Amino acid sequence: MPRSYPALGAALIGLSFVTLAPAKDLSFVTMDTVWSYAASNQPLEAKAALDDVETVDERTKTLAEAVLAMARPPLSEGDWAKIEPMLAQLAQGDDEIAAQALYLQARMHQVQKTTPDYARAEALYDELARRWPESHWAQLGFVKLGFVKLFANDAAAPRARIAAAEVLLAMLTEPALRRDLQLQIGWAALEYGFSLDDVLPHLIAADAVGGLMGITPEDLVIQIGELSFRAGHLAQAKHYFERFFAEFPTSTRIYNVRQRMNELEAALAAKGDGA
Amino acid sequence: MRKFALPVFVLGYVVAVWWVFTKSTPIVDERDVTIRIAHWQIELGPPDGIDAVIKRYEELNPRVRVKQVMVPGPVYRQWMRANFSGDTAPDIVEYGAWLDGLADLPVRYFDPLTEDLLEPNPYNQGTVLEGVPWLKTFADELSEQRLNSPEPGQYYCVTLSRGSQRLFCNRNLLREITGREEPPADFEEMRELFRQAHAYGEKRGRAVYPFAGSRDNVYWLMSFYMRGVTMKVGQRIDENGYMTVYPRDLMWSFLNGRWSYQEPDVKAGLALLAELSEQMKPGYMQFVRDEAVRQFLNGDALFLFAGTWEATSLRRLADFPVDALRSPQPAKDDPVVGSAIIGHVSDGDNVTGFGFYLNKRTPHRKEAVDFLRFLTSYEGIKLFTDHSGWPPSVRDVPMSEEAASALSPDDGFAYGGPNIAVGGATRTVFERHLHALTGPGGSVDKFAQLMDAEMREPVREALAIEQRAARWAMLPQDTRVVAMGQLERSHPDDAATELRRERLEAAQNLSEARALQIARQLRDLAARQNE
């Protein structure tokens, strides 16, 4: 037997495995796959999926590349030097992708880079609002800019910070986004020592929209009840404490609130206003 | 031979019918699917509980094999990181939001259970929980997830148990010391018991200490008693009106001069800690938890203060009856701390723990979720509690008296006021200087001065870490929000995607504003220091 036969046999067997192996099925890989991975914080999988997508327009692909390049912060200045031109180029257009790209460019200057450039971010948010005033991304930009006005504008006095955020609040039409900024205005006013009567309307308005996440809804209902109690608005305090008992029966603060409710009811009874 | 054929056939048929209706498992152990469940609760108890659940589950589900993977706590973080990175992680894993350095894992590797939790648990059919949404069957409706969910609004885990802090008592030794088995009813009786224990030790020629001491147990004990004394200060510094004080607010209020260790209430608490310190074997700060357990099991200490996770181990290892007592607390007329007391402090809450998360990449999601449903069903959790001794996370499930002793009624305040540690690395400051309170020449004043002087930098650093954590939670969300925006564009009528984007934006807004707010506080602090 020639010495090459075993090698030839092995090669043929190997080849048969190659031919028998199922071909990789790429038919299901679409841009939805890419965005789903990106939305789930899986940028590497998203990048692999993007490489497998067969038909995608150039602008969408460029946006995806920029998004995935940004997905694992922190990035170096060199990375930003590559990403920003991509975003700026996309922002030249006049579509949803352009608005998203401009929004991301503003975010890059506002929070993503190690040293924020708030002035540049504000200019980009202004451009976003001017070009696509109805866009969700412009609305979201107002919220983000509002946070800067509230907490990063050290040169302004507290009342001026709140006033600047309130100007942005007036431009918000999406209820959930109004809620998010209004809540922070209320909390900032509380920290800056404003009177409880200045603070409470913001908190009550934010709570009324609903849809807050995590522990915040529970915090907010207790907070409105307790601050109302401290401000002497006893009936309002009672309303919110009763809501707390109904909506958060498993809270770890039940005992604390129950004790406060006892004080509140005693105070109401003393005023002859127990009902 | 023929006359035996029919009886043998009938007998075989009867055995087969019996097997099918009682066991439902194949005679040859071939199963299509294997799922693995990993955790670090390898003390005595929990592994037995999970084994019992697995055994019953495999009887009911002949296609599925479940393997329990037990990983020691000290290596759990590294083990998780390596296995998720290498795509070899089990289908179900225990995780806790407090595990350092793993904050990026949940959203990357775990799959939310929110939709599943809104449906009734099918394994609860025929029980008091039949028809109840799975989420609502948990005693606390998974409240920890409201506080720490990797993605606010989503539920990522189901829990197995709950617990509290207890004073474990050697009942035989208590009888020998006091002549009775009734534990002290209040803190004054505790003080009397301290004296009796010391006298008993002298009489028998071998010391008896009221408390088993180690660095860990002392920290738990002193934190608990300090918490009861500083609630009034906690109420005062709760300027936000949350009726509790979050660690970030406690840290800021300390740095901002809203409280210090010179407060009369805080000093009273320190005097109480000095008194407690005298009830332990000298040198306790050199020991770790195992030494305290050894002192307790050897009959050298009457009590061991610890979390109820120790209960099953202590009961199985001790050759005497172990009672889990609620710690007697100082009252308003206490001579040392009475003026600071507003009432009982909570010694446990209904928050459930021992949380299990679903691996996003499991090839057997359906089977893994099904196992989690059984594990936390009325039958499953009852098996767990009966075999582990740990109380169940699910409501309305009967439990032994011993397991029930780990649960506290809702009868105490839960304010988080000043304490011997206030987050971050501040516990080491307490440990480093405790001798100034309890050692020769030590005093409350000396210790309080040291704490005020030495705490500032670690507290500032801990607050800076909070700021960075909020910032890091927020940064990756920008690209996720835009990706969801693109998904919405291709499915404009998909309400679920729109809701998910809204929730993500809301969560990001909360983290972002918090990061900015704390950054402003830190700048404010730096500016004042530079003045």
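Residues numbered from 1 in each chain as written. Chains lettered and ligands numbered in written order. Predicted model: local features only at pLDDT ≥ 70, side-chain atom pairs only at ≥ 80, totals over all residues.

Things to note about the overall build of chain B
When helices and strands are counted, chain B shows 22 helices and nine strands. Here the C-alpha coordinates of chain B stretch approximately 95 × 70 × 40 Å along the principal axes. Counting the 531 residues in chain B, one finds 47% classified as buried. In chain B, the share of contacts with a sequence separation of at least 24, taken over all contacts with a separation of at least 6, comes to 76%. (Helix = DSSP H or I, 4+ residues; strand = E, 2+ residues; numbered from the N terminus. Buried ≥ 20, exposed ≤ 12 C-beta atoms within 10 Å, placed from the backbone. Contact = placed C-beta atoms within 7 Å.)

Some points on the confidence of the model for chain A
With 89% of its residues at a pLDDT of 70 or more, chain A has an overall mean of 90. Contacts from residues 15-24 of chain A, a stretch scored under 50 in pLDDT, to residues over four places away or in other chains number zero contacts. (pLDDT = per-residue confidence, 0-100.)

Notes on the pairing of strand β2 (residues 64-70) of chain B
Residues and elements named next belong to chain B. Pairing of strand β1 (residues 33-39) with β2, which is carried by seven bridges, proceeds in the parallel orientation. Among the inter-strand pairings, T34 is bridged to a residue of β2, identified as R65. This β-α-β element, β1 to helix α2 (residues 46-60) to β2, shows right-handed connectivity. (Pairing = 2+ DSSP bridges. Right-handed = clockwise from strand over helix to strand, strands pointing away.)

Things to note about the domain arrangement of chain B
All names here are of chain B. Along its sequence, chain B is carved into domain 1 (22-160 + 350-404) and domain 2 (164-344). On a C-alpha basis, the centres of domain 1 and domain 2 stand 33 Å from each other. Opposite the seven residues of domain 1 that make contact, domain 2 presents six residues. Here the side of domain 1 that touches domain 2 is built from residues that sort into two nonpolar, three polar and two charged. (Domains from an automatic or database assignment. Nonpolar A, V, L, I, M, F, W, Y, C, P; charged D, E, K, R; others polar.)

Comments concerning the interface of chain A and chain B
Counting residues at the interface gives 47 residues for chain A, matched by 51 residues for chain B. Those elements that provide at least two residues to the side of chain A that touches chain B are α2 (31-39), α4 (58-70), α6 (96-112), α8 (136-151), α10 (175-191), α12 (216-230) and α14 (254-270) of chain A. For the side of chain A that touches chain B, the leading source of residues is α12(A), giving seven residues. Of the residues in the side of chain A that touches chain B, the class split is 24 nonpolar, 13 polar and 10 charged.

Thoughts on the environment of F305(B)
All names here are of chain B. Its location among the elements puts F305 in strand β7 (residues 301-307). According to the C-beta neighbour criterion, F305 is buried, with 24 such atoms within 10 Å. In sequence terms F305 and F374 are 69 residues apart; their C-alpha atoms lie 34 Å from each other. Setting aside anything within four residues of it in sequence, one finds F305 in contact with L167, F211, N217, W220, L221 and S327.

Things to note about the packing of helix α9 (residues 158-170) of chain A against α10(A)
The axes of two packed helices give the description: the angle between them and the distance between them. All names here are of chain A. Running from N to C, α9 and α10 point in directions that differ by 165°, and their axes come no closer than 10 Å. Compared by their axis directions, α9 and α10 come out roughly antiparallel. Here the hand of the crossing between α9 and α10 comes out left-handed. Here α9 contributes R161, I162, A165, E166, L168 and L169 to the contact with α10, which in turn contributes R178, L181, Q182, I185, A188 and A189. (Axes fitted to C-alpha atoms, helices over the stretch in contact; angles between N-to-C directions. Parallel < 35°, antiparallel > 145°, perpendicular 65-115°, else oblique. Left-handed = near helix turned anticlockwise from the far one by under 90°.)

Here we look at the pairing of strand β9 (residues 348-359) of chain B
Two faces make up the sheet, and in a regular strand the side chains alternate between them. Residue and element names in this part refer to chain B. Buried residues dominate β9, accounting for 10 of its 12 residues. As paired elements, strand β3 (residues 92-94) and β9 share three bridges and run antiparallel to each other. Bridging from a neighbouring strand, I92 pairs with L358 of β9. The pairing of strand β4 (residues 110-111) with β9 spans two bridges and is classified as antiparallel. Directly across from D111, in β9, lies its bridge partner L358. Two strands pair when backbone bridges link them, and strand β5 (residues 157-170) and β9 are joined in this way by six bridges, in the antiparallel orientation. Bridging from a neighbouring strand, R162 pairs with T352 of β9.

Concerning helix α13 (residues 234-247) of chain A
Residues and elements named next belong to chain A. Look at α13: 20 Å from first C-alpha to last across 14 residues, which is about the 20 Å you get at 1.5 Å a residue. Taken residue by residue, α13 has A237, K238, Y240, F241 and F244 as its buried positions. On its buried face, α13 sits against α12 and α14. (Expected span 1.5 Å × (residues − 1).)

A few points about the packing of α6(A) against α8(A)
Residue and element names in this part refer to chain A. Running from amino to carboxyl end, α6 crosses α8 at an angle of 10°, the nearest separation of the two axes being 10 Å. The orientation of α6 with respect to α8, classified from their angle, is roughly parallel. As α6 packs across α8, the resulting crossing turns out to be left-handed. On the side of α6, the interface is formed by A99, Q100, Y103, A106 and Q110, while α8 contributes W137, L140, G141, K144 and V148. Of the residues in the contact of α6 with α8, the class split is six nonpolar, three polar and one charged.

Some details on helix α11 (residues 196-209) of chain A
Residue and element names in this part refer to chain A. For α11, built from 14 residues, the straight-helix expectation of 20 Å at 1.5 Å per residue is met to within 8% by its first-to-last C-alpha distance of 20 Å. Within the span of α11, buried status applies to V199, L200, H202, L203, A206 and D207. Axial view of α11: buried residues confined to an arc of 165°, hence all on one face. In α11, the exposed positions angled more than 90 degrees off the buried face are occupied by D197 and A208. At its buried positions, α11 is contacted by α10 and α12. Looking one or two residues beyond α11, the residue adopting positive phi is G210, at roughly 75°. (Arc of directions from axis to C-beta.)

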